[in-house]
Amino acid sequence: MLVPADLPTPLTVVDDPELAAAGVELRLKRDDLAHPTVPGNKWRKLAPNLERAVADGCRALLTYGGAYSTHVRAVAAAARALGLESVGVIRGAELAGMPRNWSLARAERDGMALEFVERSVYREIASGRQERRAGHFVLPEGGSNAAAVRGAAVVAEELAAQLPDLGARDVVCCAVGTGGTVAGIAAGLPSGAQALGVAVLRGEGYLEREVATLQLAAYGRESGNWRLAHDWHGGGYGRVPEELERFAARFESRHGVPVERRYVAKALSAVYGLARAGELTDRRVTLVVTGVPDPDPEAAPAAPPFAGGRPERGRSGVSRS
Ligand SMILES: *Cc1c(COP(=O)(O)O)cnc(C)c1O
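Residues numbered from 1 in each chain as written. Predicted model: local features only at pLDDT ≥ 70, side-chain atom pairs only at ≥ 80, totals over all residues. Heavy atoms only, no water.

With that out of the way, let us pick up the environment of A249. Structurally, A249 is set in helix α9 (residues 242-255). Its relative accessible area of 33% is what places A249 among the partly exposed residues. As for A249 and V259, which are separated by ten residues in sequence, their C-alpha atoms are 7.7 Å apart. (Helix = DSSP H or I, 4+ residues; strand = E, 2+ residues; numbered from the N terminus. Buried < 20%, exposed > 50% of the residue type's maximum accessible area, 1.4 Å probe, protein only.)

Here it is, written out as structure tokens:
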């Protein structure tokens with residue numbers, strides 16, 4: 001079985017007079033189009049881990065997350081595609097006896113066994129470091145480990161091939177949750193180019209250390225060419241203030257690109273905000289579209305998993321021999 005992705009993901013130009021007036025060029029790296037059921041950066045981060053899991057002969061993937069975790073759904077879908085079992089350890093023991101929300105229902109439909117744990121315990125175990133189960137490949141909450149960082153670095157390598165003069169003029173921007181994606185993107189950039197991570201959680205200053213630690217784990221060194229912006233979280237994780245909602249909806253209707261609200265909208269609003277403030281003048285900015293909007297839970301599923309795909313372009317994936 002395959003978990004193929006459509007790579008390289010497209011690079012498109014955003015034509016916007018407001019940005020032009022601020023002296024900013026904006027491109028979108030459309031990682032949201034990489035895969036139909038393992039979207040965006042979740043595919044990038046999982047791919048090298050899946051390869052390891054299969055090579056190690058594991059029979060199951062095990063991971064951690066909240067009740068609406070995109071990472072948990074991605075792991076369930078990937079495991080199913082690879083013919084592996086999956087286990088999701090979910091924050092909140094009280095959820096065990098309640099009707100499943102759409103996200104957990106989707107993971108269960110993909111064959112994931114859900115285990116619900118007390119919030120007080122969850123924090124301690126979500127790194128996965130204490131987990132020992134025979135035949136289980138363990139991924140931490142959010143999926144950020146050394147292999148994931150190397151998977152995310154491929155985004156920057158693709159971009160360097162698509163923009164051959166990628167360098168000192170360039171800023172590559174993405175949203176930051178656990179930091180694995182920005183750690184990889186920064187590490188994969190050619191010298192001179194900068195990565196800008198936009199924190200979607202209310203910052204306590206630990207995120208910089210997380211990114212540095214992940215780069216050390218992946219490469220044995222820090223790349224030094226990145227920074228995080230902490231003023232664009234909109235009140236915290238999952239919060240989408242009305243103004244941000246309006247901004248994202250307007251961008252969608254003007255440019256025809258679906259804008260995922262918890263992460264991508266915040267990174268995009270940071271680009272516009274920094275452009276307006278004159279902090280990106282004469283820069284060429286590439287925003288990595290790291291995911292897709294949540295499905296409308298009321299809508300019927302559009303297609304069975306893995307039925308889609310665009311065969312006219314190259315495919316790259318993890319195969320199970
Ligand atoms: C999970 C996620 C992120 C965060 O990635 P990290 O590697 O955890 O920083 C960013 N964007 C989207 C759309 C995501 O789903």
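Time to look at unusual backbone geometry. Excluding glycine, residues mostly have negative phi values, and the peptide bonds linking residues are mostly trans. In this structure, P8 follows L7 across a cis peptide bond, with omega equal to -5°. Along the chain, P8 falls in the loop between β1 (5-6) and β2 (11-14). Within the chain, D282 stands out as a residue other than glycine whose phi angle is a positive 70°. With respect to the helices and strands, the residue D282 is situated in the loop between α10 (264-276) and β11 (284-288).

Moving on to the sheet that holds strand β6 (residues 112-117). Pairing within the open sheet is parallel, and its four strands lie in the order β6-β5-β4-β7. What marks the edges here is a single partner per strand, and that holds for β6 and β7 (136-138). The mean inter-strand angle of the sheet, taken between neighbouring strand axes irrespective of direction, is 25°. Contacts from helix α4 (residues 102-109) reach β5 (85-91) and β6 within the one sheet, and its direction differs from that of β6 by about 135°. (Pairing = 2+ DSSP bridges. Axes fitted to C-alpha atoms, helices over the stretch in contact; angles between N-to-C directions. Contact = heavy atoms within 4.5 Å.)

The next point concerns the packing of aromatic side chains. In total, this model carries four aromatic pairs according to the counting rule given. Aromatic side chains Y68 and W102 sit 6.4 Å apart centroid to centroid with 50° between the ring planes, which places their arrangement in the tilted category. Of this pair, Y68 sits in the loop between β4 (60-65) and α3 (70-82) while W102 sits in helix α4; the two residues are 34 residues apart in sequence, bridging distant segments of the chain. Looking at Y68, the relative accessible area reads 43%, which means it is partly exposed. Pairing F247 with Y272 gives two aromatic rings, centres 5.3 Å apart and planes at 75°, and the pair type is edge-to-face. (Phe/Tyr/Trp six-rings, centres within 6.5 Å; stacked < 30°, edge-to-face > 60°.)

What follows deals with the state of the cysteines. Under the criterion given, the structure shown has zero disulfides. C173 forms no disulfide, and the closest cysteine sulfur to it belongs to C174, at a distance of 6.5 Å. Owing to a relative accessible area of 0%, C173 belongs among the buried residues under this scheme. (Disulfide = S-S within 2.5 Å.)

The subject of this paragraph is the sheet that holds strand β10 (residues 226-229). Spatial strand order, β2-β3-β11-β8-β9-β10: six strands in an open sheet with mixed pairing. The open sheet has two free edges, formed respectively by β2 and β10, since each of these has just one partner strand. The sheet shows a mean angle of 25° between the axes of neighbouring strands, direction not considered. The pairing of strand β3 (residues 25-29) with β11 spans five bridges and is classified as parallel. Across the sheet, L28 pairs through a bridge with L287, a residue of β11.

The next thing to look at is the site of the ligand. Taken together, 15 residues are adjacent to the ligand, and K42, K45, T178, T181 and T290 come closest. Within the contact set of the ligand, an oxygen atom lies 2.8 Å away from a backbone nitrogen or oxygen of G177. When the ligand sits alone it has 390 Å² of accessible area, and the protein chains cover 96% of it. Residue assignment for the shell around the ligand shows that the elements contributing at least two residues are α2 (40-55), β8 (170-176) and α7 (180-188). Examining the composition of the shell around the ligand, we find that three residues originate from one element, α2, more than from any other. (Near = heavy atom within 4 Å. Polar contact = N/O pair within 3.5 Å; in protein donor to acceptor, adjacent residues only side chain to side chain. Areas by Shrake-Rupley, 256 points an atom, 1.4 Å probe, with all protein chains shown as cover.)

This part is about the domain arrangement of the chain. Under the domain assignment used here, the chain contains domain 1 (5-35 + 146-288) and domain 2 (59-134). For domain 1 versus domain 2, the separation of C-alpha centres amounts to 27 Å. (Domains from an automatic or database assignment.)

Counted under the stated rule, the structure contains 23 salt bridges. Across the pair R52 and D56 runs a salt bridge whose closest N-O atoms are separated by 3.3 Å. For D56, a relative accessible area of 47% gives the class partly exposed. D110 serves as the salt-bridge partner of R80, at 2.8 Å between the closest nitrogen and oxygen. Of the two residues, R80 sits in helix α3 while D110 sits in the loop between α4 and β6, which places them 30 residues apart along the sequence. Since its relative accessible area comes to 41%, R80 is described here as partly exposed. Because the salt bridges share partners, they merge into one network encompassing K29, D31, R44 and E158. (Salt bridge = Lys/Arg side-chain N within 4 Å of Asp/Glu carboxyl O.)

This brings us to the packing of α3 against α4. Relative orientation of the contacting elements α3 and α4 amounts to 15°, with a least axis distance of 8 Å. Overall, the two elements α3 and α4 adopt an arrangement that is roughly parallel. Seen from above, α3 lies across α4 with left-handed handedness. Within the contact between the two elements, α3 uses V72, R73, A76 and R80 and α4 uses W102, S103, R106, A107 and R109. Considering only residue class, the contact of α3 with α4 consists of four nonpolar, one polar and four charged. (Parallel < 35°, antiparallel > 145°, perpendicular 65-115°, else oblique. Left-handed = near helix turned anticlockwise from the far one by under 90°. Nonpolar A, V, L, I, M, F, W, Y, C, P; charged D, E, K, R; others polar.)

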